Amino acid sequence: MKSIVTDLLNESDVLLLGLLNNPLFGVYLIQREHFIFVNQRFADMLGYTQDELCTSKGPLDVAMPADQPIVQREIDRRLRGEISSSSYVFRAVRKNGYMFEIEVYGFVTQFAGQPAIIGILHDISERKNAERKVLDQLHFIEKLVETIPNPVFYKDEQGRYLGCNAAFEHYIGYDRHYLTGRTVYDISPKDLADIYFAADKTLLEHPGTQNYEASVTYADGSRHNVVFYKATFNKSDGNLGGLVGVILDISERKQMEETIWHDANYDALTGLPNRRLLQDRLNEELKRAHRNNHQLAVLFIDLDRFKEINDTLGHNEGDKLLIQAAQRIRTVLRISDTVARQGGDEFIVILPDISDTAMSELVAKRIISSLTMPYDLNGQQAHISASIGIACYPDDSSEMETLIRYADQAMYAAKSLGRSRFCLFASAMQAQTLRRLEISSALRQAILENQFEMYYQPILDIPTGHILKAEALIRWNHPHLGVIGPIEFIPIAEEIGLIGEINNWVFEQVISAISLWQAQQPQPIEEDATDHNALQISINISAKQFMTDTDSYWLDHLKQMGVSTQSLILEVPEDLLLDDRPDVIQRLLLFREGGVSLSIDNFGSSYSAMSYLKKFDVDYLKIDRSFISELAENPRDLTIIEAIISMAHKLGIQVMAQGVETAPQHDLLRQIECDYVQGFLFAKPMRLLDFLHFVVTPHA
């Protein structure tokens, strides 16, 4: 060590010269408050020559007037012996008047036998500017987070709260200072804290983003439905710093969805499930019966001579009777059974898990006995009876609609036998089976002989009055059986595996129709769905049809024909949204990514939940015609449709109404801002050439 010190002393002249001439830091020597030495770097920073500074300048001459007291104070403290060294920052002024910031390190020494101050200084303007920018950004972010109306919080990598905004304080009921350093278990009930902790743990173990629905407890103790949106952040060293989260309250949306679903699926008068919910439950019960190899019965109930009650006592008394009848049916059923109002004075009962048909007969007898008891309608006694038809799974059918139809046929058989009795479905089964076999056989020949024909029903754009959309409808003209509707032959085609061929034939006809339209236009149609010359035709496709290999063939064929994918609308059933199978989702995404528009057909006819629309980028909703039929007479239907339209528009989805047959229906739909209408009021389905002529005909 001593040798090193000796060497340094021996080389002190060289070392000092190197220090004074360094190009990075300014070096100065002050005596009697004037510079007596500055190095070249010092002079360059201030824009003077070394001679200019050392002949007439001192520290106060190069300091901003506002900072001169700081400089003077630090010089005086050292010269008075209060301190031996000092470090401080002040704003200096270059010769050209430009201000910059300097950091000074100086200490007291002796030069030529007189007190002096020697030191170095460094230009820190860039660093200070960078620090100010960071502070400005931090202040901006802090203000932005604070003014966000949604609760915002941030946690460290251990899940402990680092802070929050005012909205979070208000929502949770805790001051942010109390919150800091605590966990979800300190501020939330354990059942909810367990959910939050598990979600945080997953996100912190797998950094990125996360969102999920959960409940939260507000400061007033009430629980609300929310969506958490969270993301991780890193520290400056690149290591995980924690997470930041935003809470979005969706209670009102959930409540509205529940209200819409309830109104769409429950009968307003009796409180029983309506046809839509009945079909959903029957479909689920059939699946369960199939899995468990159980029997199931469907009872179709019709009140005998109910019309006479309405005609003699009035509709109000008739409604009261229906309410009482619904309650009586419920009282004789098990908790696992379902009773629904089919419409009017018709009810349907589902009896799952029955041991044999005798059990369904016993229930039918109890219902008839209960319904034949006198009714008290505001002091007036009324008497009715009931006729019941019974169809069973799997003996009669395994199809939901067929079971209901068979039960309906059996009910009419019971009425024909004198009413107030029940009847098991039997004889009609054979006739129906023969019919299905006949259609099945004829379908194969129909494809070979091209017995199908396409019709197109125009769809009106309400705001513009344009008709440049249509729904493609297949018709089958059999040479001996006559016209057979798709509702009859499509399910059979699905069963025997011909639906793919029929599907592709419909698609090719529609593409040819679009090509013919394009050929008639004076200019090529641009790739723009909003173009007033862009024709769009929708094709209905069932869930079973959808699972055939349509996606790649259709998209390739569109490209080969030079037809824009935007010319095609794919109408899928509402229940397809509920199908979580990966191949279903993949097919929908392939069509959507290929540019084909997606429409949800008969929206509201089954289990309707707007939240399922988040899974797919849907273009259109087509409201079920059952809502439209009584639109002008039933304010509840109008309210439901208006709510659906409002929510759809917020999701960027346009709405079509089908089955529009009257001007009042059209006017109401216009008032509630429905986008498109379709129905006999404007046009019936027509052949292609008639449709193309219809499109170019003015419709004032």
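Every chain's residues receive numbers from 1 upward, in the order its sequence appears when written. This being a predicted model, a pLDDT of at least 70 is required before a residue's local features are given, and a value of 80 or more before pairs of side-chain atoms are given or counted; all residues contribute to the totals for chains, interfaces and linings. Just so you know, side-chain values use all the structure's heavy atoms and leave hydrogens and water out.

Enquirer: Explain the confidence of the model for the protein chain to me, please; I cannot follow it from the model alone.
Expert: The predicted structure's coordinates, where accompanied by low pLDDT, should not be read in detail. Across the chain, each position has a pLDDT score giving the predictor's confidence in that residue, from 0 to 100. Scored by pLDDT, the protein chain has a mean of 84; 90% of the residues are at 70 or more. Only DSSP runs of H or I covering at least 4 residues are called helices, and only runs of E covering at least 2 are called strands; the numbering of each starts at the N terminus. Confidence scores differ between elements of the protein chain, with helix H1 (residues 2–10) showing the lowest mean pLDDT of 53 and strand E11 (residues 295–304) the highest of 94. Any two residues whose heavy atoms approach within 4.5 Å at even a single point are treated as in contact. Taken as a whole, residues 525–530 scores under 50 in pLDDT and shows 11 contacts with residues more than four places along the chain or in a different chain.

Enquirer: Please explain the pairing of strand E4 (residues 99–111) as it appears in this structure.
Expert: Looking along a regular strand, one sees side chains alternate from face to face of the sheet. As paired elements, strand E3 (residues 85–93) and E4 share nine bridges and run antiparallel to each other. By the bridge assignment, Arg91 is partnered in E4 with Glu101. At least two DSSP bridges between two strands are required for those strands to pair. Pairing analysis gives 10 bridges linking E4 to strand E5 (residues 114–123), with the strands arranged antiparallel. Looking at E5, one finds that Thr109 is bridged to Ala116. What sits between E4 and E5 in their antiparallel hairpin is a turn of two residues, with Ala112 showing a positive phi close to 55°.

Enquirer: Explanation requested: the side chain of Asp637 in the structure shown.
Expert: Mapping Asp637 onto the fold places it in helix H24 (residues 635–650). Buried charge Asp637 goes without a salt bridge, the closest partner of opposite sign being Arg276 at 5.7 Å. Not counting chain neighbours up to four residues away, the residues in contact with Asp637 comprise Ser626, Phe627, Glu630 and Leu631. Relative accessibility decides the category of a residue: with a 1.4 Å probe and only protein chains considered, values under 20% of the type maximum give buried, values over 50% give exposed, and everything between is partly exposed. The charge count includes Lys and Arg as positive and Asp and Glu as negative, but it does not include His or the ends of the chains. The term salt bridge refers to a side-chain nitrogen of Lys or Arg lying within 4 Å of a carboxyl oxygen of Asp or Glu.

Enquirer: Whenever I open this one, unusual backbone geometry confuses me. Can you help?
Expert: Glycine aside, residues mostly have negative phi, and peptide bonds are mostly found in the trans state. For the bond running from Tyr393 to Pro394, omega is 5°, close enough to zero to count as cis. Residue placement: Pro394 occurs in the loop between strand E16 (385–393) and helix H16 (400–416). A positive phi is found at Arg32, a non-glycine position, where the angle reads about 55°. Position of Arg32 among the secondary structure elements: in the loop between strand E1 (26–31) and strand E2 (34–38). The residue Ala112 is not glycine, and still its phi comes out positive at about 55°. Positionally, Ala112 belongs in the loop between E4 and E5. For Ala112, a relative accessible area of 69% gives the class exposed.

Enquirer: In this structure, what is going on with the sheet that holds E2? I would like to understand it.
Expert: Across a sheet, strands are paired by hydrogen bonds formed along the backbone, either parallel or antiparallel in direction. The strand order across the open sheet formed by five strands is E2-E1-E5-E4-E3, and the pairing between neighbours is antiparallel. Each of the sheet's edge strands pairs with one partner strand only, and the pair in question is E2 and E3. Averaged over all adjacent pairs, the angle separating strand axes in this sheet is 35°, with direction ignored. Axes, fitted as lines to C-alpha atoms, cover a helix only where it is in contact. Angles between the N-to-C directions of the axes lie from 0 to 180 degrees. Set on the sheet, helix H5 (residues 68–79) makes contact with E1, E3, E4 and E5; between it and E3 the angle comes to about 155°. Against the sheet, helix H6 (residues 125–147) engages E4 and E5, with an angle of about 130° to E4.

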